[in-house]
Amino acid sequence: MSRARGAEAALAQKQWKDLHATLSKLDCKIHLVQPQPKLPDMVFTANAGLTVDRKFIPSNFRHKERAGEAPHFSRWMDEHGYEVSWLANDLYFEGEGDALFVTDTLFCGYKFRSDIQSHRAVGEMLGCLVISVELVDPRFYHLDTCFCPLPDGAAVWFPAAFDEYGQRAIREHVSELIDVLPEEAMHFSCNAVVLGRDIVLPEGAPQLVTTLEERGYRCHELPMTEFIKAGGACKCLVMFMPQREKP
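Residues numbered from 1 in each chain as written. Predicted model: local features only at pLDDT ≥ 70, side-chain atom pairs only at ≥ 80, totals over all residues. Heavy atoms only, no water.

**Q** Please give an account of the overall build of the chain that cites residues and values.
**A** Broken down by element type, the chain carries eight helices and twelve strands. Against the globule reference of 18 Å for 247 residues, the chain gives a C-alpha radius of gyration of 17 Å, in line with a compact fold. With respect to the principal axes defined by its C-alpha atoms, the chain has extents near 45 × 40 × 35 Å. Sorting the 247 residues of the chain into buried and exposed places 53% on the buried side. Across the chain, contacts joining residues at least 24 apart in sequence account for 65% of those joining residues at least 6 apart. (Helix = DSSP H or I, 4+ residues; strand = E, 2+ residues; numbered from the N terminus. Rg over C-alpha atoms; globule rule 2.2 N^0.38 Å. Buried < 20%, exposed > 50% of the residue type's maximum accessible area, 1.4 Å probe, protein only. Contact = heavy atoms within 4.5 Å.)

This is the structure we're talking about:
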């Protein structure tokens, strides 16, 4: 992200509306959370927390600029019938941005935003296996910017975003991996919303799109330039409710 390249507000609003329209045509139900003054990053709802079944684990944001979001999201989830379970205050955790399921295994990223110490607590809350992977490239500061699970147990990823151990752990626990080219990863092509056989992703990744279409997926490419300036794209703007049902 870069403060030197401010987003164009009108274009950002158009890109958000195009994403909303695209998702609305697919097989999903969309809930909107009311924005709050002085909290512009609330638009990146993936970072609000992690939802499994009817349990919601709110984020503990590392930076004070985003910490004010947590009470608003938690209140919304509570009002909609979710059980809200807070982590300890000293455990930084940025929700679905750093926590993604591949089948029954929860992969959690850490270093730039989330702490590895939070992963054990999340795993105990949910009763699931957690694999912690270290992120090493500040351009890919959340797991969902460089790792995208697919419903067939495979995943799209940018290997260079992870340290050697993280790469090895992912290779050992994911049945099939689709590597993304560096130039396509820079367009946040891994930051995709997967809905069954439909994948909504930022434009600028022709090779990845070809690979996914050859696997039987339908790709919906959208311009996300204004959100990429702020460090996010399609998936950053979406939180699943829930991301996973308990078996």
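Picking up where we left off.
**Q** Account for helix α1 (residues 9–24), with residues named and values stated.
**A** Over its 16 residues, α1 extends 22 Å from the first C-alpha to the last, a length consistent with the 22 Å expected when each residue adds 1.5 Å. Buried within α1 we find Ala 12, Gln 15, Leu 19, Thr 22 and Leu 23. Looking straight down α1, one finds its buried side chains confined to an arc of 95 degrees; they lie on one side. Residues of α1 that are exposed and point over 90 degrees away from its buried face: Ala 9, Ala 10 and Lys 17. Residues of α1 that are buried sit in contact with β10 (193–195), β11 (198–202), β12 (218–222) and α8 (225–229). (Expected span 1.5 Å × (residues − 1). Arc of directions from axis to C-beta.)

**Q** Tell me about the environment of Arg 120, and name the residues and values.
**A** Secondary-structure assignment places Arg 120 in helix α4 (residues 116–126). Owing to a relative accessible area of 65%, Arg 120 belongs among the exposed residues under this scheme. On a C-alpha basis, the gap between Arg 120 and Val 130 in space is 7.4 Å, while along the polypeptide they are ten residues apart.

**Q** Break down the sheet that holds β12 for me, citing the residues and quoting the values.
**A** Strands sit in the order β10-β11-β12 across an open sheet of three strands; the sheet is mixed. The open sheet terminates on both sides in strands that have one partner only, identified here as β10 and β12. Strand-to-strand twist of the sheet, defined as the mean angle between neighbouring strand axes without regard to direction, takes the value 20 degrees. The sheet contact formed by β11 and β12 spans five bridges and is parallel. Each residue of the ladder has a partner; that of Ile 199, found in β12, is Cys 219. In this fold α1 packs onto β10, β11 and β12, with an angle of close to 165 degrees to the strand it touches most, β12. Contacts from helix α7 (residues 206–214) reach β11 and β12 within the one sheet, and its direction differs from that of β12 by about 155 degrees. (Pairing = 2+ DSSP bridges. Axes fitted to C-alpha atoms, helices over the stretch in contact; angles between N-to-C directions.)

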